[in-house]
Amino acid sequence: YRNRANAAIRSGKRNYFSGVFRGLDSSGLWRVLRWAGCLAGNDIDLDCDVDIVNNFYVEGINPVNSNVFDFNSCVDVDNLFSFRRATKQEDWDSLNIIKSKSADVDGVSLQFLKIMYPHISKIWIYNLVNSILMTSMFSDTWKVVRVVPIPKSGVVHGLDNLWPISILPVLSKIVEHIIKEQIN
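Residues numbered from 1 in each chain as written. Predicted model: local features only at pLDDT ≥ 70, side-chain atom pairs only at ≥ 80, totals over all residues. Heavy atoms only, no water.

(A) Highlighting the overall build of the protein. When its secondary structure is counted, the protein shows 6 helices and 2 strands. Beginning at the N terminus, the succession of helices and strands in the protein can be written as α-α-α-α-α-β-β-α. Looking at the protein as a whole, 21% of its 184 residues qualify as buried. Counting contacts in the protein only where the partners sit at least 6 residues apart, residues at least 24 apart contribute 61% of the total. Of the roughly 13900 Å² that the protein leaves accessible, carbon and sulfur atoms contribute 56%. (Helix = DSSP H or I, 4+ residues; strand = E, 2+ residues; numbered from the N terminus. Buried < 20%, exposed > 50% of the residue type's maximum accessible area, 1.4 Å probe, protein only. Contact = heavy atoms within 4.5 Å. Areas by Shrake-Rupley, 256 points an atom, 1.4 Å probe, with all protein chains shown as cover.)

Right under this line is the structure:
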């Protein structure tokens, strides 16, 4: 009886999940896998100093070539392009296009910003975005990212088994999207 019961359970699971997974895109598939408890959490317990992890990733980067092209020597770049002021609707559209569930270095999440947007958009975000566009000055604090190590495969044996994923500040993503739209 036990073998028949196990076979029936396996068959039931197979039929259930084949129905659940049918027609899903990749994000839907991952959502179902998380819901079903098939995925382990992303928490990694590394028994080493954070600076060692940081240096491991920084040392793998090749330095940028010092031969920088001087655009001023061939074209009057000041008259080619300038940003225009963004509208409140562009701010809102950019906020809705961004897809992220992570909080940035400052602890600000996209979901929080969307909830607070009606209360702060008319003054703070609108003026901040336009100040950046008009002065072409991007805050250094928005260039700081939160790096999260994600395992490449099941068991982490060392730093070589991790991918560094950079979580960018939410507000910088809004500005970058508006800049991209204006350039295109």
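After that view of the structure, there is still more to cover.
(B) Up close: the pattern of salt bridges. Scanning the entire structure with this criterion turns up 3 salt bridges. Between E90 and R84 there is a salt bridge, and its shortest N-O distance comes to 2.6 Å. Residue D140 is joined to K143 by a salt bridge in which the shortest nitrogen-to-oxygen separation is 3.3 Å. Note on accessibility: D140 and K143 belong to one class, exposed. (Salt bridge = Lys/Arg side-chain N within 4 Å of Asp/Glu carboxyl O.)

(C) Spatial organisation of the packing of helix α4 (residues 88-97) against helix α6 (residues 170-183). Running from N to C, α4 and α6 cross one another at 110 degrees; their axes reach a closest spacing of 9 Å. Relative to α6, the element α4 is oriented roughly perpendicular. Considering only the axes of α4 and α6, their crossing is right-handed. On α6, the residues that touch E90, D91, S94, L95 and I97 of α4 are I174, H177 and I178. Grouping the amino acids of the contact of α4 with α6 by side-chain chemistry returns 4 nonpolar, 2 polar and 2 charged. (Axes fitted to C-alpha atoms, helices over the stretch in contact; angles between N-to-C directions. Parallel < 35°, antiparallel > 145°, perpendicular 65-115°, else oblique. Left-handed = near helix turned anticlockwise from the far one by under 90°. Nonpolar A, V, L, I, M, F, W, Y, C, P; charged D, E, K, R; others polar.)

(D) Quick look at α4. All of the buried residues in α4 are E90, D91, S94 and L95. Take α4 and look down its axis: the buried residues cluster within an arc of 135 degrees, on one side only. (Arc of directions from axis to C-beta.)

(E) Spotlight on the packing of aromatic side chains. Applying the stated criterion to the full structure yields 1 aromatic pair. Consider the rings of F138 and W142, whose centres lie 5.6 Å apart with planes at 70 degrees: the pair is edge-to-face. A relative accessible area of 25% places F138 in the partly exposed class. (Phe/Tyr/Trp six-rings, centres within 6.5 Å; stacked < 30°, edge-to-face > 60°.)

(F) Structural view of α6. Here α6 is 14 residues long and its end C-alpha atoms lie 20 Å apart, about the 20 Å a rise of 1.5 Å per residue gives. For α6, every residue scored as buried is listed here: V170, L171, S172, K173, I174, V175, H177, I178 and Q182. (Expected span 1.5 Å × (residues − 1).)

(G) Expanded view of unusual backbone geometry. In this model, S136 sits at a positive phi of 55 degrees, which is unusual for a non-glycine residue. Tracing the backbone shows S136 in the loop between α5 (110-135) and β1 (146-151). Owing to a relative accessible area of 55%, S136 belongs among the exposed residues under this scheme.

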